[in-house]
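Secondary and tertiary structure notes
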Amino acid sequence: FTGRLFSHTMIATAIVLYLLGVNSVSALPDQGACDPDTRPRIITDPEGNITSPGYPDVYPDNSDCYWILQAPEGQTIEIEVTDLEIEDCCTCDWLRVFDGNSESSDRLGHYTADDIPPVMTSSDNELFVNFRSDYLLGGRGFHATFRHIQ
């Protein structure tokens with residue numbers, strides 16, 4: 001122990017966060033959905049948002065993110081993509097939504113470019129969302145809101 005209360009690294013990090021307008025750790029983006037060691041990110045909140053990494057800035061190359069949205073038994077989930085800007089290439093970058101808890105569930109949609117998809121509702125209590133980017137062109141990515149429906 002050096003007797004200092006804060007390290008230089010902690011001070012520098014605090015300054016960067018302040019300059020970025022982040023005033024709490026909870027405001028930092030969650031990257032758990034994109035980390036191979038922690039994905040898929042399971043979300044049980046009754047409502048919320050999910051975004052591509054870095055949103056609204058350009059998303060990074062080679063992202064592969066997975067979310068499972070779960071509602072209590074007997075409820076469904078509605079998801080609305082409110083912003084979409086990804087590479088216009090069906091096999092390069094995409095946002096996919098599945099009616100269930102995996103990619104083997106029925107696909108509700110496969111989206112690219114900037115065409116906002118319709119609001120989607122699960123048939124049961126789970127939705128699986130996948131965002132993928134390749135090594136080339138990027139964009140803002142996506143922002144989606146979700147909510148449980150009784």
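Residues numbered from 1 in each chain as written. Predicted model: local features only at pLDDT ≥ 70, side-chain atom pairs only at ≥ 80, totals over all residues. Heavy atoms only, no water.

For the rest of this paragraph, the subject is the overall build of the chain. Looking only at helices and strands, the chain features one helix and nine strands. Ordered by position from the N terminus, the helices and strands of the chain form the series α-β-β-β-β-β-β-β-β-β. Across the 150 residues that make up the chain, the buried fraction comes to 40%. Accessible area of the chain: about 8900 Å², with a carbon and sulfur share of 53%. (Helix = DSSP H or I, 4+ residues; strand = E, 2+ residues; numbered from the N terminus. Buried < 20%, exposed > 50% of the residue type's maximum accessible area, 1.4 Å probe, protein only. Areas by Shrake-Rupley, 256 points an atom, 1.4 Å probe, with all protein chains shown as cover.)

Time to look at the sheet that holds strand β5 (residues 94–99). Across the sheet, which stays open at both edges, the five strands sit in the order β1-β3-β8-β5-β6 with mixed pairing between neighbours. Only two strands of the sheet have a single neighbouring strand rather than two, namely β1 (41–43) and β6 (106–111). Neighbouring strand axes in the sheet, compared pairwise and without regard to direction, differ in orientation by 20 degrees on average. Note that β1 and strand β3 (residues 64–70) share three bridges and pair parallel. Bridged to Arg 41 within β3 is Trp 67. (Pairing = 2+ DSSP bridges. Axes fitted to C-alpha atoms, helices over the stretch in contact; angles between N-to-C directions.)

A few words on the state of the cysteines. One pass over the structure, following the stated rule, counts one disulfide. Between Cys 34 and Cys 65 runs a disulfide, and the two sulfur atoms are separated by 2.0 Å. A torsion of 100 degrees about the S-S bond marks the disulfide between Cys 34 and Cys 65 as right-handed. Note that Cys 34 is positioned in the loop between α1 (8–20) and β1 and Cys 65 in strand β3, a separation of 31 residues in sequence. For Cys 34, a relative accessible area of 17% gives the class buried. (Disulfide = S-S within 2.5 Å.)

With that settled, the discussion passes to the packing of aromatic side chains. Taken as a whole, this structure holds five aromatic pairs when the rule is applied. The interplanar angle of 90 degrees and the centroid separation of 5.7 Å between the aromatic rings of Trp 67 and Phe 142 together place this pair among those described as edge-to-face. Here Trp 67, found in strand β3, pairs with Phe 142, found in strand β9 (residues 141–149); they are 75 residues apart in sequence, far enough to count as distant. The buried category is assigned to Phe 142, whose relative accessible area is 0%. Taking 5.7 Å as the distance between ring centres and 45 degrees as the angle between the ring planes, the aromatic pair formed by Phe 131 and Phe 142 counts as tilted. Remark: Phe 142 occurs in strand β9 and Phe 131 occurs in strand β8 (residues 126–132); sequence separation between them is 11 residues. Classification of Phe 131 as buried rests on a relative accessible area of 0%. A network of ring pairs unites the aromatic residues Tyr 59, Trp 67, Phe 131 and Phe 142 as a single cluster. (Phe/Tyr/Trp six-rings, centres within 6.5 Å; stacked < 30°, edge-to-face > 60°.)

With that out of the way, let us pick up the confidence of the model for the chain. Per-residue confidence for the chain averages 83 on the pLDDT scale, and 79% of its residues sit at or above 70. Per-element confidence in the chain is highest for strand β7 (residues 120–121), whose mean pLDDT is 98, and lowest for α1, whose mean pLDDT is 43. When the criterion is pLDDT under 50, residues 1–29 qualifies, and its contacts beyond four places in sequence or with other chains add up to five contacts. (pLDDT = per-residue confidence, 0-100. Contact = heavy atoms within 4.5 Å.)

Taken together, the side chains of Tyr 135, Leu 136 and Leu 137 define a hydrophobic patch exposed on the protein surface, amounting to about 370 Å² of accessible area. Mapped onto the fold, Tyr 135 is located in the loop between β8 and β9. Overall, Tyr 135 belongs to the exposed group, its relative accessible area being 59%. (Patch = residues over 30% accessible without salt bridge, like charges linked within 9 Å, V, L, I, M, F, W, Y side chains within 5 Å. Salt bridge = Lys/Arg side-chain N within 4 Å of Asp/Glu carboxyl O.)

As a further point, take the environment of Asp 64. Counting through the fold element by element, Asp 64 comes out in strand β3. Separated by 67 residues in sequence, Asp 64 and Phe 131 have C-alpha atoms that sit 5.9 Å apart. Looking at Asp 64, its side chain comes within polar contact range of the side chain of Tyr 66, at 2.9 Å. (Polar contact = N/O pair within 3.5 Å; in protein donor to acceptor, adjacent residues only side chain to side chain.)

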